[in-house]
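In case you want the letters, here they are:
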Amino acid sequence: MRILVAEDERDLADLVAVGLLRHAMAVDVVYDGAAAAQRLAVHDYDVLVLDRDLPELHGDLVCHEVVARGGRTRILMMTAAASVPERVAGLGMGADDYLPKPFDYAELVARVQALGRRSRSAVPPVLTRHGIVLDPHRLQASRDGRHLHLSRKEFAVLEVLMRADGTVVSSERLLEEAWDENADPFTTVVRVLISRLRAKLGDPPCIHTIPRGGIPAVTTIRLRLTLIYSGLFLLTSIALLVTVNLLLRQALKTRVARLPGAAAAPQPPAPHLPELVNDVIGYQWETTTFTVGILTLVSLAVGWLVAGRILRPVHRITATAQRLSLSTLHERIALTGPKDELKELADTFDAMLDRLERSVQAQQRFIANASHELRTPLAVQRAAIEIGLPEDVGAIRDTLLLHNRRAEHLIDALLVLAQAEHGLDSKRPVALDQVVRLVLAEADPDGVTVTQRVEPFVVEGDPVLLNRLLTNLLDNAVRHNHRGGTVEVTLSGGVLTVRNTGPHVPRERFGDLFEPFRRLHTTRGQGAGLGLSIVAAIAKAHGADVRADPNPGGGLELVVAFAGRT
């Protein structure tokens, strides 16, 4: 379920968004009416949580626009105007529900969920299909009596699929309904999450992927255009030739009948003339049949070539779209030629890429600015602690420094995660085997035996991010281990494997390993829960696949499969 919260009080808007996110909803937040109108024009939200007294564009005008546009978006007015006349006025403008401030959080969630159900076709409050029982209100899911440990995003995706009731759900629709506006449409986030969801649901499989390339070739536009061109040409040619042959036959018979003596003598002296006419007409029909056959082949060939030339701009648009990633958003189709429908389509696509590129650049600038603005106060804080507090204060000084360093590590991890999730600006050949050896040489094994078996391998990517990937994998393997345990690092054929001993990890928790801020067997003080989520983001930015498997007797085997050259 996708929600838009439009509230000018930023603290309240952010708290409402966090609360709705905890109930597996995708939430976007805006702080003025103009921004709300822009989002509503682009996205098809299930519910709009709307404050009436918004700056830029009043909430009442936003409500009028939504109602006039139609669609399935339901409106929940959340405002301090709580008198009965004001409630009546708000509902009279087209709002579906009205919640005065202050409100109870549980009531807000219940009202949003109820409106979300009304925005779609009628479905039961508890969804059941293929032995799966999904209760969106309680955030509980089970299959054949077995409880399913799902992350919030997995729960949201499963809810969208079950509400579809067996119909095909595209990746774009999943991104629209289960993710917020920050989701990157060029990543494989949907495919990765669906793979994890399949593993948690177990057998028999109930989620099936229909590849986009699985459409039969007979339905391609080029072939259809070819058949249409050839069919029209052949119909016209056959009609023309048949008409000419019939007229020729009639004309020859008329001329033969008008020959001198043809009508006066009971038995004409030249009986061979009608037979000659029939021979000529027969030859003409044979020639026509042969000509039609030749024309069929010629028309198919010419139609195929003409259709290919007409569709060439479409292939160019498709090729550009397939090459796109966050690091190649500068590419444009730049189609030349007459101002026709295809030129207009290409120009529209280029304009969309301009907007995407500006958005990505703004996010990258934000990351750079955030890095500076967040690190500077921490540096001042550390200096104040180390310089301002004498060493004889003991535990208080050490505790403050510990929390300062923890905040530094958290900010550093968040910035790396954001950078990795936004893709690579540039790539260059990196000797992955040398990165592995460097990380192992700098690592602190902390009582754990680390062994390595590394083969030469080169991958296109960012050496700093790859170093961070290896560091996080090794740190995770050492931290989640026991005294005297082992860590085995292997790089062979572009497949990096880090295997460690340690505590047992339930298979149903594997989906949480790569989620941000998820911890297993550790406390908040031992880590922020970002290590493996950073690994997954960096691997995805390098086109690699990540998976986790249990080790017999405890521990994990983490595998990162790269595509590169040895």
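As the structure is a computational prediction, the values presented were derived from the model and not from experiment.

Draft legend 1. Fine view of the overall build of the chain. Assigned secondary structure in the chain consists of 17 helices and 16 strands. Burial analysis of the chain (566 residues in total) assigns 38% to the buried set. Of the contacts made within the chain by residues no fewer than 6 positions apart, 64% connect residues no fewer than 24 positions apart.

Draft legend 2. How the structure looks around the sheet that holds strand 5 (residues 97–100). Pairing is parallel across the open sheet formed by five strands, whose spatial order is 2-1-3-4-5. Looking along the sheet, the strands with just one partner apiece sit at the ends: strand 2 (26–30) and strand 5. Going across the sheet, the axis of each strand differs from the next one's by a mean of 20°, ignoring polarity. Two elements, strand 1 (residues 2–6) and strand 2, share five bridges in a ladder whose sense is parallel. Bridged to Arg 2 within strand 2 is Ala 26.

Draft legend 3. Quick look at the side chain of Glu 557. Mapped onto the fold, Glu 557 is located in strand 16 (residues 556–561). Excluding its chain neighbours within four sequence positions, the residues that come into contact with Glu 557 are Thr 497, Val 498, Arg 499, Arg 547, Ala 548, Asp 549 and Asn 551.

Draft legend 4. Molecular detail of helix 7 (residues 171–178). Those residues of helix 7 not exposed but buried are Leu 174, Leu 175, Glu 177 and Ala 178. Here the buried face of helix 7 lies against strand 1, strand 2, helix 6 (152–163) and helix 8 (189–201).

Draft legend 5. Inspection of the packing of helix 2 (residues 33–42) against helix 3 (residues 59–69) at higher detail. Here helix 2 crosses helix 3 at 15°, and the two axes come no closer than 10 Å. One element, helix 2, and the other, helix 3, form an angle in the roughly parallel class. Considering the relative orientation of helix 2 and helix 3, their crossing is right-handed. Along the contact surface, helix 2 presents Gly 33, Ala 36, Ala 37 and Leu 40, while helix 3 presents Val 62, Glu 65, Val 66 and Arg 69. Of the residues that constitute the contact of helix 2 with helix 3, the class distribution is five nonpolar, one polar and two charged.

Draft legend 6. Here's a closer look at the pairing of strand 4 (residues 74–79). Counted residue by residue, strand 4 has five buried out of six residues, so it is predominantly covered. Summarising the sheet, strand 3 (residues 47–50) and strand 4 pair through four bridges and their orientation is parallel. If you follow Leu 48 over to strand 4, its bridge partner there is Ile 75. Tracing the backbone out of strand 3, into helix 3 and back to the parallel element strand 4 gives a crossover that is right-handed. Here four bridges tie strand 4 to strand 5, and the two strands are oriented parallel to one another. Across the sheet, residue Thr 79 finds its bridge partner in strand 5, namely Pro 100.

Draft legend 7. Geometry of the pattern of salt bridges. Using the criterion set out here, one finds 15 salt bridges in the structure. Close ionic contact of Asp 44 with Arg 72 constitutes a salt bridge, the shortest N to O distance being 3.0 Å. Here the residue Asp 44 occupies a position in the loop between helix 2 and strand 3, and Arg 72 occupies one in the loop between helix 3 and strand 4, the gap between them amounting to 28 residues. Under the relative-accessibility criterion, Asp 44 is labelled partly exposed at 35%. Across the salt bridge formed by Glu 159 and Arg 163, the nearest N and O atoms sit 2.8 Å from each other. Note that Glu 159 and Arg 163 are positioned in helix 6 at a spacing of four residues, about one turn of the helix. For Arg 163, a relative accessible area of 11% corresponds to the buried category. Each of Asp 44, Asp 46 and Arg 72 takes part in a single network of salt bridges with overlapping partners.

Calculation criteria
- Residues numbered from 1 in each chain as written.
- Predicted model: local features only at pLDDT ≥ 70, side-chain atom pairs only at ≥ 80, totals over all residues.
- Heavy atoms only, no water.
- Helix = DSSP H or I, 4+ residues; strand = E, 2+ residues; numbered from the N terminus.
- Buried < 20%, exposed > 50% of the residue type's maximum accessible area, 1.4 Å probe, protein only.
- Contact = heavy atoms within 4.5 Å.
- Pairing = 2+ DSSP bridges.
- Axes fitted to C-alpha atoms, helices over the stretch in contact; angles between N-to-C directions.
- Parallel < 35°, antiparallel > 145°, perpendicular 65-115°, else oblique.
- Left-handed = near helix turned anticlockwise from the far one by under 90°.
- Nonpolar A, V, L, I, M, F, W, Y, C, P; charged D, E, K, R; others polar.
- Right-handed = clockwise from strand over helix to strand, strands pointing away.
- Salt bridge = Lys/Arg side-chain N within 4 Å of Asp/Glu carboxyl O.

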